[in-house]
Amino acid sequence: MEVPLYQNYVHDHLRRTSLSSSTSYFSHHFSGSELFRDRSLLSAYSLWSNRRKLRNSFCWVKCSSLEQGLRPRLKPKPSKVDRDVRKGTPSKETRITKSSVRICCHIEKLVLCNKFRDALEMFEILELEGGYDVGNSTFDALIIACIGLKSIRGAKRLCAYMIDNGIEPDQYIMNRILLMHVRCGMMIDASKLFDEMPERNAVSWNTIISGYVDSGNYKEAFRLFIMMWEEYPGCSPRTFATVIRASAGLELIFPGKQLHSCAVKAGVGQDIFVSCALIDMYSKCGGLEDAHCVFDEMPDKTIVGWNSIIAGYALHGHSEEALNLYFQMRDSGVKIDHFTFSIIIRICSRLASVTRAKQAHASLVRNGFGLDVVANTALVDFYSKWGKVDDARHIFDRMSCKNLISWNALIAGYGNHGRGEEAIEIFERMLREGMVPNHVTFLAVLSACSISGLFERGWEIFQSMTRDHKIKLRAMHYTCMIELLGREGLLDEAYALIRKAPFQPTANMWAALLRACRVHENLELGKYAAEKLYGMEPEKLRNYIVLLNIYKSSGKLKEAADVVRTLKRKGLSMLPACSWIEVKHQPHAFLSGDKHHPEIEKVVEKVDELMLEISKLGYVPEQNILLPDVDHEEKIQIYHSEKLAIAYGLINTLKQTPLQIVQGHRVCGDCHSVIKLIAMITKREIVVRDASRFHHFRDGRCSCGDYW
DNA sequence: TTAGGGTTAG
């Protein structure tokens, strides 16, 4: 049989590296580290012998017969007569009655109807009275209820009940209990339980490994996988599918390739689940070509496989290719699902493709996914980014189920369009409704405060983060606060905040201070921040330009000339900026100074006409354009790409349509003033999405508060 | 004789 080319590659890789090889990622990664020491401790034998040390930590084992030197077991089950005597209840025949059967059946039925809370309430009857004969199916139903509600309290109640009633779970129920701990996020308890299990099978291993992957503890997942690989001959496709996700989580392609090799060796390289996990892993680790090879070789291309490869292309910014794959998928007769919609809406958001997003929205409703939380959250995000925050709010209000990400998307939507008060209002409503905010929520709220200049509220919220919400402050939060202080002109306070940060200041923090220094003309502090930035990111052109301008403005021409020389020596030059706009379902891209667009003459004429009109209103082009002496400078100054895109939009769209421009760089100060004036004289709504934020120009104002 | 696996949104 002919072996496909890709399989050759994998086999070759397998020969060169394998899990047992001393050069493998795992050995390399874990040797000489704490993990290696842990690994030696956690060999099968040690685990067994360490059980004594661990036994006091888990309630069941506390009751086990370890002290008697026996094989670890759970608390011996008392006889029914003993139980009846202890509880002071009637004899066994009267206790195992119809009522027992009725309650258990009722619990199971409630769980079947997803009425988890009711099932746990019904369980209270069993807890209060005790002595009932509860079977595995009822325990299983209660476990499903606890998992469904992610109820830690429920999980603990269930375990306590089993211990109090001397129930000795079999392997099946033991695995289910392990799963309950994992899914309720009780990983410490789950780990102890796993260590103490009298017997473990493949399900136990897969369950605990998936728990570590889900909780983001990828190294622990790898360590357990190695243990399993070495001591348990039951690595199934499920195991590989799970542990490959750990590689994707760590964004490390090398262990991912090794796992791929191991999967091939184990004969499960083309399993559907393994293939999907591999596509996802390769694309998240930057190996899009490998991802596509795996996809091509999938014997049966499932919807998950298609979604994974489309998401992979989208992740790497190949939006057009991703859309083409989506059309291929539809043509191949695969039925799209809510995952597909979420991915497609995100691609539309990237491309600013309003038409396609609207089609996707309509299709979403038509296909019966109108209530899906993820797809609707993607829509909230899309409409917010498009500048239609009220439409986003409308979708949000109609969502029957909202999660943290939905709230965060709406808060960011209001914040990014200069509606800081409404962002705070939503944030406060979210807290009132019992939703627990995370670091992203605070990023959205602080950014909203910064953009809208809500200094006091922003500062108050920043302080409440650690005090009331126990959220660790990250560099991004500090950056927001530096911007907020900078806007108020409190430059010394902003600098003090950088110094006070409990970590090394990041380039973004210095850049935020530098921006504030430029706006408020504090040359001294600005120079200091620029030098810091220059030292941290020596290859970033932007920083050279900033430093050059600082020297130029302070009259230090010799230093300025040195910077230009360094720039030329390093071969760094300004790449022409690119902006694009979608008109009649087609994206139109414009490069700064580029004259290749078929309608460029008409567009340039329109730009000139607009510039003339705004100059009559008193607009004077910024003379001190802060750019180095590089090629294209003249063209860049005259025809900035965003001006060309706007002019094209004005010529080719109806007056009531808002212009949606996307660009990969930051809007410069001069362009910002120009767009604001164009929006005013043409009475058009213009949304510009640049590298840092959204600018919503309407009625001669911009949502960013004229700060860039 | 059950159970454990892959893709999405901020």
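Predicted model, so just to flag it, every value in this text is computed and none were measured. (Residues numbered from 1 in each chain as written. Chains lettered and ligands numbered in written order. Predicted model: local features only at pLDDT ≥ 70, side-chain atom pairs only at ≥ 80, totals over all residues. Heavy atoms only, no water.)

Chemist: Mind showing me how you'd approach the overall build of chain A here?
Modeler: Helices and strands together make up the secondary structure of chain A, namely 39 helices and six strands. In chain A, buried positions account for 52% of the 708 residues. The long-range share in chain A, meaning contacts at least 24 apart out of those at least 6 apart in sequence, stands at 64%. Of the roughly 34100 Å² of accessible surface on chain A, 53% is carried by carbon and sulfur atoms. (Helix = DSSP H or I, 4+ residues; strand = E, 2+ residues; numbered from the N terminus. Buried < 20%, exposed > 50% of the residue type's maximum accessible area, 1.4 Å probe, protein only. Contact = heavy atoms within 4.5 Å. Areas by Shrake-Rupley, 256 points an atom, 1.4 Å probe, with all protein chains shown as cover.)

Chemist: How should I be thinking about the packing of aromatic side chains in this particular structure?
Modeler: By convention here, two paired aromatic rings are described through the distance between centres and the angle between planes. What the rule picks out here adds up to 21 aromatic pairs. With 6.0 Å between their ring centres and 35° between their planes, phenylalanine 225 and tryptophan 229 make a pair best called tilted. Of this pair, phenylalanine 225 and tryptophan 229 are both found in helix 15 (residues 218-231), four residues apart, which corresponds to roughly one turn of the helix. On the basis of relative accessible area, phenylalanine 225 is assigned to the buried category, the value being 0%. Take tryptophan 229: its relative accessible area is 27%, and that puts it in the partly exposed class. Residues phenylalanine 590 and tyrosine 648 carry aromatic rings whose centres are separated by 5.6 Å and whose planes lie at 50° to one another, so their mutual orientation is tilted. In this pair, phenylalanine 590 is assigned in strand 2 (residues 586-591) and tyrosine 648 in helix 38 (residues 641-652), connecting sequence segments 58 residues apart. Among the aromatic residues, ring-to-ring pairing joins Trp459, Phe462, Tyr478 and Phe503 into one connected group. The cationic tip of arginine 200 hangs over the ring face of phenylalanine 194; the distance from NZ or CZ to the ring centre is 4.6 Å. Above the ring of phenylalanine 295, the side-chain terminus of lysine 301 is found at 5.3 Å from the ring centroid. (Phe/Tyr/Trp six-rings, centres within 6.5 Å; stacked < 30°, edge-to-face > 60°. Lys NZ or Arg CZ within 6 Å of the ring centre and 35° of its normal.)

Chemist: Looking at this structure, how should I read the protein's contact with DNA strand B?
Modeler: Around DNA strand B sit 38 residues in total, of which Asn175, Arg183, Arg245, Arg346 and Asn408 are the nearest. Counting only the atoms of DNA strand B that lie within 4 Å of the protein, the sugar and phosphate share comes to 38%. Interatomic distance of 2.9 Å between a side-chain N/O atom of aspartate 271 and a base nitrogen of DNA strand B. Along the lines of polarity and charge, the residues of the surface near DNA strand B split into 16 nonpolar, 13 polar and nine charged. (Near = heavy atom within 4 Å. Polar contact = N/O pair within 3.5 Å; in protein donor to acceptor, adjacent residues only side chain to side chain. Nonpolar A, V, L, I, M, F, W, Y, C, P; charged D, E, K, R; others polar.)

Chemist: It is not clear to me how the sheet that holds strand 5 (residues 694-698) should be interpreted in this structure. Could you clarify?
Modeler: Whenever strands of a sheet pair, they do so through backbone hydrogen bonds, lying parallel or antiparallel. Read from one edge to the other, the open sheet built from six strands follows the order 2-1-3-4-5-6, with strand pairing classed as mixed. The two strands at the open ends of the sheet, each matched to only one other strand, are strand 2 and strand 6 (701-702). Of the pairings in the sheet, the one linking strand 1 (residues 578-583) to strand 2 comprises six bridges and is antiparallel in character. Its bridge partner being in strand 2, valine 583 is matched across the sheet by glutamine 586. (Pairing = 2+ DSSP bridges.)

Chemist: Help me out: how do you make sense of the pattern of salt bridges in this one?
Modeler: Pairs can form between side chains of opposite charge whenever their charged atoms are close. By the definition in use, this model includes 20 salt bridges. Bridged by salt links that share partners, the residues Asp390, Arg419 and Glu422 form one connected network. (Salt bridge = Lys/Arg side-chain N within 4 Å of Asp/Glu carboxyl O.)

Chemist: How do you make sense of the UniProt feature "repeat: PPR" (unreviewed entry) in chain A when you look at a structure like this?
Modeler: Summarizing the sequence annotation, UniProt attributes the feature "repeat: PPR" (unreviewed entry) to residues 201-231, 302-336 and 403-437 in the numbering used throughout. For residues 302-336, the helix share is 74%, the strand share is 0%, and the end-to-end C-alpha distance is 10 Å. From the first C-alpha to the last, residues 403-437 spans 10 Å; its make-up is 74% helix and 0% strand. (UniProt positions renumbered as here; feature names shortened; annotations may be inferred.)

Chemist: Any chance you could explain the pairing of strand 5 here in plain terms?
Modeler: For a regular strand, side chains alternate in direction, first toward one face of the sheet and then toward the other. Across the five residues that make up strand 5, a large majority, four, are buried. Bridging between strand 4 (residues 686-689) and strand 5 involves four bridges; their strand directions are antiparallel. Bridging from a neighbouring strand, isoleucine 686 pairs with phenylalanine 697 of strand 5. Between the end of strand 5 and the start of strand 6, which pair antiparallel, lie two residues, with aspartate 699 showing a positive phi angle near 50°.

Chemist: When you look at the packing of helix 12 (residues 171-183) against helix 14 (residues 202-214) in this model, what are you seeing that I'm missing?
Modeler: Relative to each other, helix 12 and helix 14 sit at 0°, their axes nearing to 9 Å. It follows that helix 12 is roughly parallel to helix 14 by the angle criterion. Along its contact with helix 12, which presents Gln171, Asn175, Leu178, Leu179 and Val182, the element helix 14 presents Val203, Ser204, Thr207, Ile208 and Gly211. Counted by class, the contact of helix 12 with helix 14 contains five nonpolar, five polar and no charged residues. (Axes fitted to C-alpha atoms, helices over the stretch in contact; angles between N-to-C directions. Parallel < 35°, antiparallel > 145°, perpendicular 65-115°, else oblique.)

Chemist: Got a minute to help me understand helix 20 (residues 303-315) in this structure?
Modeler: Residues lying three or four places apart along an α-helix face the same way, a consequence of the helix completing one turn every 3.6 residues. The first and last C-alpha atoms of helix 20 sit 18 Å apart over 13 residues, in line with the 18 Å expected at 1.5 Å per residue. Buried-residue contacts for helix 20 involve helix 18 (272-284), helix 19 (288-297), helix 21 (319-331) and helix 22 (338-351). Taken from the residues just after helix 20, glycine 317 is the one with a positive phi, measuring 80°. (Expected span 1.5 Å × (residues − 1).)

Chemist: Please explain unusual backbone geometry as it appears in this structure.
Modeler: Glycine aside, negative phi is the norm for most residues, and most peptide bonds take the trans geometry. Positive phi, close to 60°, is recorded for asparagine 114, a residue that is not glycine. When you line up the elements, asparagine 114 lands in the loop between helix 8 (98-112) and helix 9 (116-129). Notably, lysine 683 is not glycine yet its phi reads approximately 55°, a positive angle. One can find lysine 683 in the loop between helix 39 (669-682) and strand 4. Since its relative accessible area comes to 67%, lysine 683 is described here as exposed.

Chemist: Explanation requested: the nonpolar core in the structure shown.
Modeler: Proteins that are soluble and globular tend to have nonpolar side chains buried together. Ranked by internal contacts, the top residues of the largest apolar core, which has 173 residues, are Met180, Ile310 and Leu513. Here this core gets nine residues from one element, more than from any other, and that element is helix 32 (residues 507-519). Excluding residues within four positions of it along the chain, leucine 513 makes contact with Ile482, Leu491, Ala494, Tyr495, Ile498, Leu525 and Ala529. Counting 32 residues, the second largest nonpolar core, distinct from the first, contains Tyr648, Ile661, Ile686 and Cys704. (Core = buried A, V, L, I, M, F, W, Y, C linked by side-chain atoms within 4.5 Å.)

Chemist: What exactly am I supposed to notice about the packing of helix 26 (residues 404-416) against helix 27 (residues 420-432) here?
Modeler: How two helices pack is summed up by the angle between their axes together with the distance between the axes. For the pair helix 26 and helix 27, interaxial distance at closest approach is 7 Å and the crossing angle is 160°. By the criterion of interaxial angle, the relationship of helix 26 to helix 27 is roughly antiparallel. When the axes of helix 26 and helix 27 are compared, the crossing they make is left-handed. Every residue of helix 27 that contacts helix 26 at Leu404, Trp407, Asn408, Leu410, Ile411, Tyr414 and Gly415 is listed here: Gly420, Glu422, Ala423, Ile426, Phe427, Arg429 and Met430. Considering only residue class, the contact of helix 26 with helix 27 consists of nine nonpolar, three polar and two charged. (Left-handed = near helix turned anticlockwise from the far one by under 90°.)

Chemist: I'm lost on the side chain of asparagine 652 in this one. Help?
Modeler: Following the sequence through the fold, asparagine 652 ends up in helix 38. At a separation of 3.0 Å, a polar atom in the side chain of asparagine 652 contacts the main-chain carbonyl oxygen of tyrosine 648. Not counting chain neighbours up to four residues away, the residues in contact with asparagine 652 comprise Val583, Lys584 and Glu599.

Chemist: Looking at this model, I keep getting lost on the side chain of threonine 377. Mind explaining?
Modeler: As for its placement among the helices and strands, threonine 377 is situated in helix 24 (residues 373-385). Discounting chain neighbours no more than four positions away, the residues touching threonine 377 are Met399, Asn403, Ile405, Ser406 and Ala409.

Chemist: Is there a simple way to think about helix 26 in this case?
Modeler: If you check helix 26, its first and last C-alpha atoms are 18 Å apart, about what 13 residues at 1.5 Å a residue would give, namely 18 Å. Among the 13 residues that make up helix 26, 11 are buried, leaving the element largely enclosed by the rest of the structure. Within helix 26 the residues assigned to the buried category are Leu404, Ser406, Trp407, Asn408, Ala409, Leu410, Ile411, Gly413, Tyr414, Gly415 and Asn416. For helix 26, the secondary structure elements touched by its buried residues are helix 24, helix 25 (389-398), helix 27, helix 28 (439-452) and strand 5. With a side-chain oxygen positioned 3.1 Å from the backbone nitrogen of isoleucine 405, the residue opening helix 26 is asparagine 403. Positioned one or two residues after helix 26, glycine 418 has a phi angle of 75°, which is positive.

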